[in-house]
Amino acid sequence: MYRVPGFGRTLRAAALTQLLHDGLVTDTRGLVVPVESTAATERPMDWLSSLVLRQAWAGPPRTWARWISHDQRRAVRIVRAELAKAGWVDLGPRPDGLPRRGRTTVSVSPPDRQTVRVLNRAVGRALRGEIATPDVSRELAALVALGAAGDVITLVSARQRSTWPERIAELATLAGPPALALAARD
């Protein structure tokens, strides 16, 4: 397994993207503003999205970049716990018997490997432009843009990022402000 330096930021950007696409937050002059809605109570939400929404309600409107950078370590811990609960990752002791210090071994079950392959193929097709921009779903655009901006090399490699920067920027615009804020992190 490899280390992704800004993984907490990428996870928070993904949660904000989901909240934006679900209509639970909106972009008002570059600020994240929660929307009065009953949708938040009507549909189940993952732990991280729920936390980010509660934080947005509790604080003043802030920029997308500020919310993405906020509470990153907690985001990683929450997602690890959710993935472990779902059986996607193993958080047990290391093979040498020592306790884990932030490292997670990934064990993808055989039926889920097909899902991963399908997603990787879809990302590749979107990157290469095999899917016209109007036909790319916001979810797929977000997956590509967040994977590229977050340096998730199993999703979008460094070579792909350097080969198709214009296409990634186009998909980031389609994905929305969280993906653009993550891409402009420097």
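See the structure shown above.
Figured I'd write up the structure that's included with this text. For every chain, the first residue of the written sequence is number 1, and numbering continues from 1 along that sequence. Per-residue local features are limited, in this predicted model, to residues with pLDDT of at least 70; the limit for side-chain atom pairs, both in listing and counting, is 80 or more; totals at the level of whole chains, interfaces and linings are taken over all residues. Only hydrogens and water are set aside; all other atoms, that is, all heavy atoms of the structure, feed into the side-chain values.

**Here's the deal with the overall build of the protein chain**
Numbering of helices and strands runs from the N terminus; a helix is a DSSP stretch of H or I covering at least four residues, while a strand is a stretch of E covering at least two. Counting its regular elements, the protein chain contains 10 helices and five strands. Each of the 186 residues in the protein chain was classed as buried or not, and the buried ones make up 34%. Contacts between residues were defined by any pair of non-hydrogen atoms, one from each residue, lying within 4.5 Å. Of the contacts made within the protein chain by residues no fewer than 6 positions apart, 64% connect residues no fewer than 24 positions apart. Total accessible area on the protein chain is roughly 10900 Å²; 55% of this is exposed by carbon and sulfur atoms. Residue burial is assigned from relative accessible area. The probe radius is 1.4 Å, only protein chains are included, and a residue is buried under 20% of its type maximum, exposed over 50%, and partly exposed in between. In this description, accessible areas are obtained by the Shrake-Rupley approach with a 1.4 Å probe, and a residue is regarded as covered only by the protein chains that are shown.

**Remarks on the sheet that holds strand β3 (residues 62-63)**
The rule for pairing is simple: two strands pair if DSSP sees at least two bridges between them. Across the sheet, which stays open at both edges, the three strands sit in the order β1-β2-β3 with antiparallel pairing between neighbours. Strands at the two margins of the open sheet, each flanked by one partner only, are β1 (25-28) and β3. Note: β1 against strand β2 (residues 31-34), four bridges, orientation antiparallel. Among the inter-strand pairings, T26 is bridged to a residue of β2, identified as V33.

**A few points about the packing of aromatic side chains**
By convention, a stacked pair of Phe, Tyr or Trp rings (six-membered ring in the case of Trp) has centres within 6.5 Å and planes under 30 degrees apart, an edge-to-face pair has planes over 60 apart, and any other such pair is tilted. On inspection of all chains with the given rule, the structure shows zero aromatic pairs. A positively charged side chain is recorded as over a ring if its NZ (Lys) or CZ (Arg) lies within 6 Å of the ring centre. The angle to the ring normal must also be within 35 degrees. The cationic tip of R62 hangs over the ring face of W67; the distance from NZ or CZ to the ring centre is 5.0 Å.

**Observations regarding helix α9 (residues 165-175)**
All of the buried residues along α9 are R167, I168, L171, A172 and A175. Buried residues of α9, viewed axially, fall in a sector of 140°; they line one side. In α9, those exposed residues whose orientation departs by more than 90 degrees from the buried face are E166 and T173. Remark: G176 follows α9 within two positions and exhibits a positive phi of approximately 120°. The arc in question is traced by the directions running from the helix axis to the C-beta atoms.

**Section: helix α7 (residues 138-149)**
For a helix, the expected span equals 1.5 Å multiplied by the residue count minus one. In a regular helix each residue adds 1.5 Å, so 12 residues correspond to 16 Å; α7 covers 16 Å between its end C-alpha atoms and thus fits that length. The element α7 is largely enclosed, with a buried count of nine among its 12 residues. Count one or two residues on from α7 and you reach D151, which has phi positive near 55°.

**A few points about the environment of R29**
The topology assignment puts R29 in the loop between β1 and β2. In the structure, R29 is positioned 34 residues away from T63 in sequence and 8.9 Å away in space, judged by C-alpha atoms.

**Structural notes on the pairing of β2**
The side-chain alternation of β2 yields one buried face, formed by V32 and P34, and one unburied face, formed by L31 and V33. Where β1 folds back on β2, the antiparallel hairpin that results is connected by two residues, among which R29 adopts a positive phi of roughly 50°. Direction of pairing for β2 relative to β3: antiparallel, over a ladder of two bridges. Each residue of the ladder has a partner; that of L31, found in β3, is T63.

**Overview of the packing of helix α3 (residues 47-58) against helix α5 (residues 72-86)**
In this description, a line fitted to the C-alpha atoms serves as the axis of each element, helices being fitted only across the stretch in contact, and the angle between N-to-C directions of two axes falls anywhere from 0 to 180 degrees. α5 packs onto α3 with a crossing angle of 150° between their chain directions and a minimal axis gap of 9 Å. Here α5 runs roughly antiparallel to α3, going by the angle between their axes. Across the interface between the two elements, W47, L48, L51 and Q55 from α3 touch R74, A75, I78, V79, A81, E82 and K85 from α5. When residues are grouped by polarity, Ala, Val, Leu, Ile, Met, Phe, Trp, Tyr, Cys and Pro land in nonpolar, Asp, Glu, Lys and Arg in charged, and all others, Gly among them, in polar. Broken down by class, the residue content of the contact of α3 with α5 amounts to seven nonpolar, one polar and three charged. By the definition adopted for this analysis, an angle is roughly parallel if under 35 degrees, roughly antiparallel if over 145, roughly perpendicular if from 65 to 115, and oblique otherwise.

**What to know about the packing of helix α1 (residues 7-21) against α7**
Where α1 meets α7, the closest approach of the two axes is 11 Å, and the angle between their N-to-C directions is 165°. Taken together, the axis directions place α1 and α7 in an arrangement best described as roughly antiparallel. Where α1 crosses over α7, the handedness of that crossing is right-handed. Across from T10, A13, A14, T17, L20 and H21 in α1, the residues of α7 making contact are R138, E139, A142 and L146. By residue class, the composition of the contact of α1 with α7 is five nonpolar, three polar and two charged. Crossing handedness follows the turn of the near helix against the far one: under a right angle anticlockwise gives a left-handed crossing, and clockwise gives a right-handed one.

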